[in-house]
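Here is how the chains run, residue by residue.
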Amino acid sequence: MTQPAVDGAKDWSAIDRAVYVHSSTNLQQHLVDGPMVLTRGEGVRVFDGDGKAYIEAMSGLWCAGLGFSEKRLADAAYKQMTTLPYYHNFQGKTADVTIELAERLVALAPKPLTKIMFASSGSEANDTAIKLVWYYNNARGKPAKKKIISREQAYHGVTIAAGSLTRLKAIYDGFDLPIDRIRHVGCPHHYKLAQDGESEEQFATRLADELDAKIREEGPDTVAAFIAEPIMGAGGVIVPPATYFEKIQRVLKTHDVLLICDEVITGFGRIGTMFGAEKFGIAPDIMTLGKQMTSAYAPMSAILMRESIFESIAAESGKRGTFGHGYTYSGHPVSAAVALETLRIYEERDILGHVNRITPTFQSLLESYSNHPLVGEVRGEGLLAAVQLVQSKSPKKFFDTTAGLAKYLVARGHEHGVILRVLQNDAVAFAPPLISTEDDLKQIADLFGRALDDTLKVARERGLV
Ligand code: PMP
């Protein structure tokens, strides 16, 4: 992966290793391996310094929905930068373009959500959601009702509070997380966690019962909210079992516990509906958005809430004198202009219709690997999917992840020219740009297949299968 410097060019690999601390990377190993340096993007492809093309089957980090060369987004940013490049939203001020975006997003969002705030990242959005919930329960005279429940394998970000909601070991382990007031319940992965013969519906009932028991054990007067991604992303692309959200929402209602829907990945058409909430019949009290809202061309996230939550916090801020939350870059006008243009493009090009038209091809291309000796499960919705590697299908046996087979597969994928992502427990993730054509998807599946065969060969050589 290390690319030698060409004449006259800087040796990015050497400089990187000398000074740059990467995210979500084995920092020790990185000093040996060096970076993968991308220098250019075009459509659904990115290119390294040697001009080698990679088809981006992950849209970066599930975010570059419109690919890597959408000129209209660059023009929108330029226009805003040369009109009003920055303004904040403290003390009643704002840029006009940010109000326009707020109106547009509230119109798009699921019905009960009527008010919106902005931040720059998904982590900030989820931190903000937690603070909103705490402020809200103080406002309505329930100061003890503060615990937030998330699920094993959830990913909600990495800041101190959001990183406490995230239940992936690498994110909390070694960082002294989770913080107090955060609790966790089971992951809704039927393939991995259902008991013998347990149907999806029965599994969903068991998970809802577990949540109910957890709330009762903690004391309903101490539990404020439950947070969930409609489909878990980084935790494995876990599609919930049938009836899951219906049953979970019933439990939450019983105990007056709010539902925060984290749509940072599932928002804006990724799974064939504008939001995952639509697909799964979720009526959120709070919803967080990010990533594809700007197609990742500028950082921006959002937090939507119900009118009743806004009314309470507005009244409380009246008493206290101010609602003391927000960031320098909340509602940044350049990001807002890029988001508006992104939403226009999604609409004009009927991206949602396109995603739905190509989904059957995408899912069946991946499904065709179900018979491969290493593949235990192919799961997903829309243009979001994962292929689960297993050591044995029957009896079901997962690999010891220290064997690093999915990691090896992803590295082979890079060699073949496709960028994939390894998730925990030896799953391989796919989230191709929303603009992908059927030919792009065929190429992704083909290159993945080659990497899968390489992996099988190595697994056999090492006596793992
Ligand atoms: N929520 C979900 C569902 C995510 O997938 C992510 C990022 N992958 C986040 C929150 C955090 O977003 P960010 O990295 O922008 O802080």
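Quantities reported herein were computed from a predicted structural model and do not represent experimental measurements.

Novice: Would you take a moment to explain the overall build of the protein for this structure?
Specialist: Across its full length, the protein holds 17 helices and 15 strands. Radius of gyration (C-alpha) of the protein: 22 Å, near the 23 Å computed for a compact globule of 465 residues. A buried classification covers 49% of the 465 residues belonging to the protein. A separation of at least 24 residues holds for 71% of the contacts in the protein among residues at least 6 apart in sequence.

Novice: How should I be thinking about the site of the ligand in this particular structure?
Specialist: The environment of the ligand is made up of 15 residues, and the closest members are Ser121, Gly122, Ser123, Gly157 and Val264. Broken down by element, the residue count for the shell around the ligand peaks at three residues, all from helix H6 (residues 122–139).

Novice: For this particular structure, what's the right way to read the domain arrangement of the protein?
Specialist: Many authors give the size of an interface as the accessible area that is lost as the parts come together. Segmentation of the protein into domains returns domain 1 (36–69 + 351–461) and domain 2 (73–348). Contacts between the two partners involve 28 residues from domain 1, matched on the other side by 24 residues from domain 2. At the level of elements, helix H3 (59–62), helix H15 (351–367), strand S11 (375–381), strand S12 (384–389) and strand S15 (427–430) are the ones that each hand at least two residues to the side of domain 1 that touches domain 2. Of the residues forming the side of domain 1 that touches domain 2, the biggest block, five residues, is contributed by H15. Here the residues of the side of domain 1 that touches domain 2 sort into 16 nonpolar, nine polar and three charged.

Novice: What should I look at first to understand the pairing of strand S9 (residues 286–289) in this one?
Specialist: Residues in a regular strand project their side chains so that they alternate between the two faces of the sheet. Burial along S9 is two-sided: the residues Ile286 and Thr288 and Met287 and Leu289 are all buried. For strand S8 (residues 258–262) and S9, the ladder comprises three bridges, and the chain directions are parallel. Counted as the bridge partner of Ile260 is Ile286 from S9.

Novice: Is there a simple way to think about the sheet that holds S15 in this case?
Specialist: Consider a sheet: its strands pair through backbone hydrogen bonds, and that pairing is either parallel or antiparallel. In spatial order, the strands read S11-S12-S15-S14; together these four strands make up an open sheet with antiparallel pairing. The outermost strands of the open sheet, each flanked by one partner alone, are S11 and strand S14 (421–423). Shown here is a sheet whose adjacent strand axes are inclined to one another by a mean of 25 degrees, direction ignored. Pairing geometry for S11 and S12, over six bridges, is antiparallel. If you follow Val378 over to S12, its bridge partner there is Val387.

Novice: Help me understand the nonpolar core in this model?
Specialist: A general trend in soluble globular proteins is that nonpolar side chains are found buried together. Of all hydrophobic cores here, the largest spans 141 residues; its most connected members are Ile286, Ala302, Ile303, Leu420, Val428 and Ala429. Tallying contributions element by element places helix H17 (residues 438–461) first for this core, with eight residues. Excluding anything up to four places from it in sequence, Ile303 contacts Ile116, Met117, Ala119, Ala125, Thr128, Ala129, Leu132, Ile286 and Thr288.

Novice: Which parts of the structure should I look at to understand H15?
Specialist: Since the α-helix advances by 3.6 residues per turn, residues separated by three or four positions end up pointing in the same direction. The end-to-end C-alpha separation of H15 is 23 Å, in line with the 24 Å expected for 17 residues at 1.5 Å each. Of all the bends in H15, the greatest, near 40 degrees, is centred on Ile358, and the proline Pro360 appears no more than four residues after it. The set of residues buried in H15 consists of Ile351, Val355, Ile358, Phe362, Gln363, Leu365 and Leu366.

Novice: How do you make sense of the environment of Tyr155 when you look at a structure like this?
Specialist: By the element assignment, Tyr155 lies in the loop between strand S5 (147–151) and helix H7 (162–165). Once the C-alpha coordinates of Tyr155 and Met274 are considered, the two residues, 119 residues apart in sequence, prove to be 20 Å apart. In contact with Tyr155, other than residues within four places in its own chain, are Thr166, Leu168, Gly233, Ala234 and Gly235.

Novice: I tried to follow unusual backbone geometry on my own but got confused; where do I start?
Specialist: Most peptide bonds adopt trans geometry, and most residues besides glycine take a negative phi value. The omega torsion of the bond from Leu177 to Pro178 falls at 5 degrees, within 30 degrees of zero and hence cis. The residue Pro178 is located in the loop between helix H8 (169–172) and strand S6 (182–185) in this model. The peptide bond linking Ser394 to Pro395 adopts the cis configuration, its omega dihedral lying at 0 degrees. In this structure, Pro395 sits in the loop between S12 and helix H16 (405–416). In this model, Lys291 sits at a positive phi of 35 degrees, which is unusual for a non-glycine residue. Among the structural elements, Lys291 can be located in the loop between S9 and strand S10 (301–306). For Lys291, a count of 28 C-beta atoms within 10 Å corresponds to the buried category. Of note in this structure, Ala296 is not a glycine but carries a positive phi near 75 degrees.

Procedures and definitions
Residues numbered from 1 in each chain as written. Predicted model: local features only at pLDDT ≥ 70, side-chain atom pairs only at ≥ 80, totals over all residues. Helix = DSSP H or I, 4+ residues; strand = E, 2+ residues; numbered from the N terminus. Rg over C-alpha atoms; globule rule 2.2 N^0.38 Å. Buried ≥ 20, exposed ≤ 12 C-beta atoms within 10 Å, placed from the backbone. Contact = placed C-beta atoms within 7 Å. Near = placed C-beta within 6 Å. Domains from an automatic or database assignment. Nonpolar A, V, L, I, M, F, W, Y, C, P; charged D, E, K, R; others polar. Pairing = 2+ DSSP bridges. Axes fitted to C-alpha atoms, helices over the stretch in contact; angles between N-to-C directions. Core = buried A, V, L, I, M, F, W, Y, C linked by C-beta atoms within 7 Å. Expected span 1.5 Å × (residues − 1). Bend = angle between axes of the 7 residues up to and from the residue.

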